[in-house]
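Given next are the chains, with one letter for each unit.
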Amino acid sequence: VLAVSGLQSLLLLIAFRPGGATGVGLAVWGVLCIATAALVATLHPIGRPLGIAVGCVGVAIGVATARSSPVNGLIGIGLTGFVIYACAVSGPSFRQG
């Protein structure tokens, strides 16, 4: 979910070329999501708290998006909520050794 979210942001950046803060925000969000997805997939210890943090930001973005596009906002809330849940319950998997 994190990798797809990051790729979606980067594709939006390439396709629509938004300028200013929007473009920078999309680029940062896309790279952050992809990097977090890689850390979570490799079960790196920092991946779990970073995944939870990125999921929380994703929920906030989903809530903000829900005002103008309810379906997309609710889907975003659900998917990033799942990221938070998955990272929260898989704590033992991220331990070293």
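Position numbers for residues count from 1 along each chain, tracking the sequence in the order it is written. Where totals are concerned, whole chains, interfaces and linings use all residues; where local detail is concerned, this predicted model gives features only for residues with pLDDT of at least 70, and gives and counts side-chain atom pairs only at 80 or more. Just so you know, side-chain values use all the structure's heavy atoms and leave hydrogens and water out.

Visitor: Hey, could you run me through the packing of aromatic side chains in this one?
Guide: Classification of ring pairs rests on two measures: the distance between centres of Phe, Tyr or Trp rings, Trp counted by its six-membered ring, which must be within 6.5 Å, and the angle between planes, read as stacked under 30 degrees, edge-to-face over 60 and tilted in between. Applying the stated rule across the entire model yields one aromatic pair. Pairing Phe 82 with Tyr 85 gives two aromatic rings, centres 6.5 Å apart and planes at 40 degrees, and the pair type is tilted. Of this pair, Phe 82 and Tyr 85 are both found in helix H4 (residues 70–89), three residues apart, which corresponds to roughly one turn of the helix. Taking the relative accessible area as the measure of exposure, Phe 82 reaches 49% and is therefore partly exposed. Under the DSSP-based scheme used, a helix requires at least four consecutive residues in state H or I and a strand at least two consecutive residues in state E, with every element numbered from the N terminus. Only protein chains enter the accessibility calculation, which uses a 1.4 Å probe. A residue is then buried if its area is under 20% of the maximum for its type, exposed if over 50%, and partly exposed in between.

Visitor: Looking at this structure, how should I read a nonpolar patch on the surface?
Guide: Taken together, Val 1, Val 71, Ile 75, Leu 79, Phe 82, Tyr 85 and Val 89 make up a surface patch of nonpolar side chains, about 700 Å² in accessible area. Tracing the chain through its elements places Val 89 in helix H4. Two joining distances apply to patches: 9 Å for like charges and 5 Å for nonpolar side chains (Val, Leu, Ile, Met, Phe, Trp, Tyr), and every residue must have over 30% relative accessible area and no salt bridge. Areas reported here follow the Shrake-Rupley algorithm with a probe of radius 1.4 Å; residue values treat only the protein chains shown as occluding. Each salt bridge in this description consists of a side-chain nitrogen of Lys or Arg and a carboxyl oxygen of Asp or Glu lying within 4 Å of one another.

Visitor: Would you take a moment to explain the packing of helix H3 (residues 47–66) against H4 for this structure?
Guide: Describing two packed helices takes the angle between their axes plus the distance from one axis to the other. The contact between H3 and H4 brings their axes to 8 Å, and the two run at 165 degrees. Relative to H4, the element H3 lies roughly antiparallel. Crossing of H3 over H4 shows left-handed handedness. For the pair H3 and H4, the contacting residues are Arg 48, Gly 51, Ile 52, Gly 55, Cys 56, Gly 58, Val 59, Gly 62, Val 63, Thr 65 and Ala 66 in the first and Pro 70, Gly 73, Ile 77, Thr 80, Gly 81, Val 83, Ile 84, Cys 87 and Ala 88 in the second. Residue classes follow a fixed rule: Ala, Val, Leu, Ile, Met, Phe, Trp, Tyr, Cys and Pro count as nonpolar, while Asp, Glu, Lys and Arg count as charged, and any other residue, Gly among them, counts as polar. Here the residues of the contact of H3 with H4 are counted per class, giving eleven nonpolar, eight polar and one charged. An axis is simply a line fitted to the C-alpha atoms; with a helix, the fit covers only the stretch in contact. Between two such axes, the angle follows the N-to-C directions and lies from 0 to 180 degrees. When an angle is under 35 degrees it counts as roughly parallel; over 145 it counts as roughly antiparallel; between 65 and 115 it counts as roughly perpendicular; any other value is oblique. Crossing handedness: left-handed means the near helix sits turned counterclockwise from the far one by under a right angle, and right-handed means the same turn made clockwise. In this description, contact between two residues means that some pair of their heavy atoms is separated by no more than 4.5 Å.

Visitor: When you look at the state of the cysteines in this model, what are you seeing that I'm missing?
Guide: Each disulfide consists of one covalent bond between the sulfur atoms belonging to two cysteines. We call a pair of cysteine sulfur atoms a disulfide when they lie within 2.5 Å. Taken as a whole and judged by the stated rule, the model has zero disulfides. The closest cysteine sulfur to the non-disulfide-bonded Cys 33 is located on Cys 87, 12 Å from its own sulfur. Here Cys 87 is not cross-linked by a disulfide; its sulfur's nearest cysteine counterpart is in Cys 56, at 10.0 Å. By relative accessible area, Cys 87 is classed as buried at 3%.

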